[in-house]
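So you can see what is in the structure, the chains are spelled out below.
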Amino acid sequence: MFDDVRKHWWALYVLCSGVLMIVLDTTIVNVALPSIREDLRFTETSLVWVVNAYMLTFGGFLLLGGRLGDLFGPRRLFLLGLVFFTVASVGCGVANSRGMLIAARALQGLGGAVVTAVALSLIMTLFTENSDRAKAMGIYGFVCSAGGSIGVLLGGFLTTALNWHWIFLVNVPIGVLVYFASARLLPPDRTQEQRPRLDYAGAVSVTASMMLAVYAIVNGSQLGWTSTQTVGLLGSSLALLIGFLVVEMRVRDPLMPLALFKLRNVATANVVGVLWAAAMFAWFFISALYLQLVLGYNAMQVGLSFLPANLIMAAFSLGLSAKIVMRFGLRGRLAAGLLIAAAGLAWFSRAPLAGDFLVDVLPGMVLLGVGAGIAFNPLLLGAMSDAGAEQSGLASGVMNTAFMMGGSLGLAVLASVAAARTQGLEASGASAVAALNGGYRLAFVLGAICAASAALVGGSLMRTRTGPKSTSRSLP
């Protein structure tokens, strides 16, 4: 029994290593974009596809990846996703043309979507005791929340010390090790006497809908939210989504059983996830811009500035988080964490032009680190708590899709509002830096409102039960 317990924890560490590799790749490339542009002769308009190609396939295949995990086994899909991601990383690392890099980034996004979509399902399979599951979710939550800022720091180091190719090539040995360790440690998939048929109409319609929505969102701020292309793409995405829902109501084996959203905690967690992701993306990206463009920090200094928040999140995720959940339940802790994070964003909203790190940056980072460290665990547990084993992959995919779409849409909207505010301030005679700062401050205010709204929804609707106390062994 003890050996099985240790094996499960080692399986979690390996699984989280794979997820961390995926999370890092959403931000690690941002630091290297100037070098990539110069080396491969990208234009300003084509350079965005180094990021957008990844986001497009990542966002589009999350829901399908989660459901395929339920149908064909999460272990099998996790290993397949790792292969796709690692092979694509080789393609990115050796790319010598714009087309090759963009195509490989799209394949990376596909592999990353599959790995991310089934990860929570695998955790639910590994840990059935409430206390162990809470600890495992805490570790997973830390990887997801802190991975982005770690990516900025690592990207700055690799690009400066070596070259941009290594931000992708570093994934290759990690991916190979994670694959073989996962094949050895992850439990075999459950055999199904009668495997449900894949809902092809639902798969095509929802994947196309998600990809069109992501494409519209990532280009919306550049083309304009009221432009014909943006409105047309969002309208087409909505039409496909409606078609998907019609198919799901009629098909025998639906890709996404709509009854899933009758589960109170699942529905509540996804609404909270959309609002919370919008707030977190605003914090991460807008605060990084504030540090670079207003305070004049370089890439390495920006990464180090996020270190206090990461360390605090680690402290909660790797120990304190599970203890608080088991003692106080989901609802109160979720609301408290989100309110503390809202306070951190509100602190950033007062950021001055000549800001001091200890006075104007560190307190906000500390509050956001504490808030995220407290909130992520109950949010993930809530998202998975009501779903049965046969729907855990779908629930995981839906939760990740909510994060992805909420974060992308929230960031796009907040960035557009900030840009409009900046333009207004410049037109009234403010300096370029002062105008930028004014736009960022408004974005932080709106991010704080999103976090506070998430706290209200979670505190009002999330069921607080955590189940019976666990008697299982602790972390090795």
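Note that the structure is predicted; figures quoted are calculated from it, not measured.

Asks: Give me the overall build of the chain: which residues, what numbers.
Replies: The helix and strand tally for the chain stands at 18 helices and 0 strands. Looking at the chain as a whole, 54% of its 476 residues are labelled buried. For the chain, contacts bridging at least 24 residues in sequence account for 83% of all contacts bridging at least 6. Of the accessible surface of the chain, which amounts to about 19,300 Å², a share of 66% is contributed by carbon and sulfur atoms.

Asks: Can you break down the packing of aromatic side chains residue by residue, with the values?
Replies: By convention here, two paired aromatic rings are described through the distance between centres and the angle between planes. Using the criterion set out here, one finds 7 aromatic pairs in the structure. Considering the side-chain rings of Tyr 179 and Phe 180, the 5.4 Å spacing of their centres and the 85° angle between planes classify their relative orientation as edge-to-face. Under the relative-accessibility criterion, Tyr 179 is labelled partly exposed at 28%. A relative accessible area of 57% means that Phe 180 is categorised as exposed. Here the guanidinium or amino end of Arg 350 rests over the ring plane of Trp 347, the centre of that ring lying 4.9 Å away.

Asks: Can you break down the environment of Ala 452 residue by residue, with the values?
Replies: Mapped onto the fold, Ala 452 is located in helix α18 (residues 432–461). Residue Ala 452 is classed as partly exposed on the basis of its relative accessible area, which comes to 30%. Along the sequence, Ala 452 and Leu 338 sit 114 residues apart, while their C-alpha atoms lie 6.5 Å from each other.

Asks: Help me get a handle on the pattern of salt bridges, residues and values and all.
Replies: For the structure shown, the criterion picks out 1 salt bridge. Across the pair Arg 350 and Asp 360 runs a salt bridge, and its minimum N-O distance is 2.9 Å. Of this pair, Arg 350 sits in the loop between α15 (330–348) and α16 (357–385) while Asp 360 sits in helix α16; the two residues are 10 residues apart in sequence, bridging distant segments of the chain. By relative accessible area, which is 34% here, Arg 350 ends up partly exposed.

Asks: A description of the confidence of the model for the chain should follow, citing residues and the corresponding values.
Replies: Of the residues in the chain, 87% have a pLDDT of 70 or more, and the chain-wide mean is 80. The secondary-structure element of the chain with the lowest mean pLDDT is helix α3 (residues 44–47), recorded at 66, while helix α5 (residues 74–93) shows the highest, at 93.

Asks: Outline the nonpolar core, listing residues and values.
Replies: Ile 36, Leu 101, Ile 123, Trp 276 and Trp 283 are the most contacted members of the largest nonpolar core, which totals 134 residues. Leu 101 has contacts with Ile 36, Leu 40, Phe 42, Val 50, Cys 92, Ala 95, Trp 164 and Phe 168, leaving out every residue within four places of it along the chain.

Asks: Account for the side chain of Asn 171, naming residues and giving values.
Replies: With respect to the element layout, Asn 171 can be found in helix α9 (residues 171–185). For Asn 171, a relative accessible area of 4% translates into the label buried. There is a polar contact of 3.3 Å between the side chain of Asn 171 and the side chain of Ser 89. Those residues within four positions of Asn 171 in sequence are excluded, and the remaining contacts are Met 21, Asp 25, Phe 85, Ser 89 and Gln 108.

Asks: Can you tell me about α15, naming the residues and giving the values?
Replies: Along its 19 residues, α15 runs 27 Å from first to last C-alpha, staying within 8% of the 27 Å computed at 1.5 Å per residue. When we look at burial in α15, the residues that qualify are Leu 330, Arg 333, Leu 334, Ala 335, Gly 337, Leu 338, Ala 341, Ala 342, Gly 344, Leu 345 and Phe 348.

Asks: Would you mind going over the packing of α15 against α18 in detail, with residue names and values included?
Replies: Look at α15 against α18: their axes get within 8 Å of each other, and the N-to-C directions meet at 170°. With respect to each other, α15 and α18 are oriented roughly antiparallel. Between α15 and α18, the residues in contact are Arg 331, Leu 334, Ala 335, Leu 338, Leu 339, Ala 342, Leu 345, Ala 346 and Phe 348 and Phe 444, Gly 447, Ala 448, Ala 451, Ala 452, Ala 454, Ala 455, Gly 458 and Gly 459, respectively. Tallied by class, the residues present in the contact of α15 with α18 amount to 14 nonpolar, 3 polar and 1 charged.

Asks: Report on a nonpolar patch on the surface, specifying residues and quantitative values.
Replies: Taken together, Leu 238, Leu 241, Ile 242, Leu 245, Val 246 and Met 249 make up a surface patch of nonpolar side chains, about 510 Å² in accessible area. In this fold, Ile 242 is placed in helix α11 (residues 228–250).

Asks: Could you give me a rundown of the packing of helix α4 (residues 49–72) against α5, with the residues and numbers involved?
Replies: At a minimum axis separation of 8 Å, α4 and α5 run at an interaxial angle of 155°. As the angle between them shows, α4 and α5 are arranged roughly antiparallel. Our pair here, α4 against α5, has a crossing hand that is right-handed. Within the contact between the two elements, α4 uses Tyr 54, Leu 68, Gly 69 and Phe 72 and α5 uses Pro 74, Arg 76, Leu 77 and Phe 85. Residue composition of the contact of α4 with α5, grouped by class: 6 nonpolar, 1 polar and 1 charged.

Asks: Hey, could you go over the environment of Ala 216 for me, with residue numbers and the actual values?
Replies: With respect to the secondary-structure elements, Ala 216 resides in helix α10 (residues 200–223). A residue is classified by how much of its surface remains accessible, and Ala 216, at 1% relative accessible area, is buried. Spatially, the C-alpha atoms of Ala 216 and Leu 234 are 6.3 Å apart, while their sequence positions differ by 18 residues. Excluding its chain neighbours within four sequence positions, the residues that come into contact with Ala 216 are Trp 225, Thr 230, Leu 233 and Leu 234.

Asks: How would you sum up the side chain of His 165? Please name residues and give values.
Replies: Turning to its location among the elements, His 165 is positioned in the loop between α7 (130–161) and α8 (166–169). Within the local environment of His 165, its side chain forms a polar contact with the backbone oxygen of Gly 93, the two atoms lying 2.6 Å apart. With residues near it in sequence (within four places) discarded, His 165 still touches Asp 39, Gly 93 and Ala 95.

Asks: Which residues make up the environment of Ala 183, and what values go with them?
Replies: Examined against the element boundaries, Ala 183 turns out to sit in helix α9. Take Ala 183: its relative accessible area is 29%, and that puts it in the partly exposed class. Sequence spacing of Ala 183 and Leu 79 is 104 residues, and the spatial spacing of their C-alpha atoms is 7.4 Å. Ala 183 has contacts with Arg 75 and Leu 79, leaving out every residue within four places of it along the chain.

Quick notes on the rules
Residues numbered from 1 in each chain as written. Predicted model: local features only at pLDDT ≥ 70, side-chain atom pairs only at ≥ 80, totals over all residues. Heavy atoms only, no water. Helix = DSSP H or I, 4+ residues; strand = E, 2+ residues; numbered from the N terminus. Buried < 20%, exposed > 50% of the residue type's maximum accessible area, 1.4 Å probe, protein only. Contact = heavy atoms within 4.5 Å. Areas by Shrake-Rupley, 256 points an atom, 1.4 Å probe, with all protein chains shown as cover. Phe/Tyr/Trp six-rings, centres within 6.5 Å; stacked < 30°, edge-to-face > 60°. Lys NZ or Arg CZ within 6 Å of the ring centre and 35° of its normal. Salt bridge = Lys/Arg side-chain N within 4 Å of Asp/Glu carboxyl O. pLDDT = per-residue confidence, 0-100. Core = buried A, V, L, I, M, F, W, Y, C linked by side-chain atoms within 4.5 Å. Polar contact = N/O pair within 3.5 Å; in protein donor to acceptor, adjacent residues only side chain to side chain. Expected span 1.5 Å × (residues − 1). Axes fitted to C-alpha atoms, helices over the stretch in contact; angles between N-to-C directions. Parallel < 35°, antiparallel > 145°, perpendicular 65-115°, else oblique. Nonpolar A, V, L, I, M, F, W, Y, C, P; charged D, E, K, R; others polar. Patch = residues over 30% accessible without salt bridge, like charges linked within 9 Å, V, L, I, M, F, W, Y side chains within 5 Å. Left-handed = near helix turned anticlockwise from the far one by under 90°.

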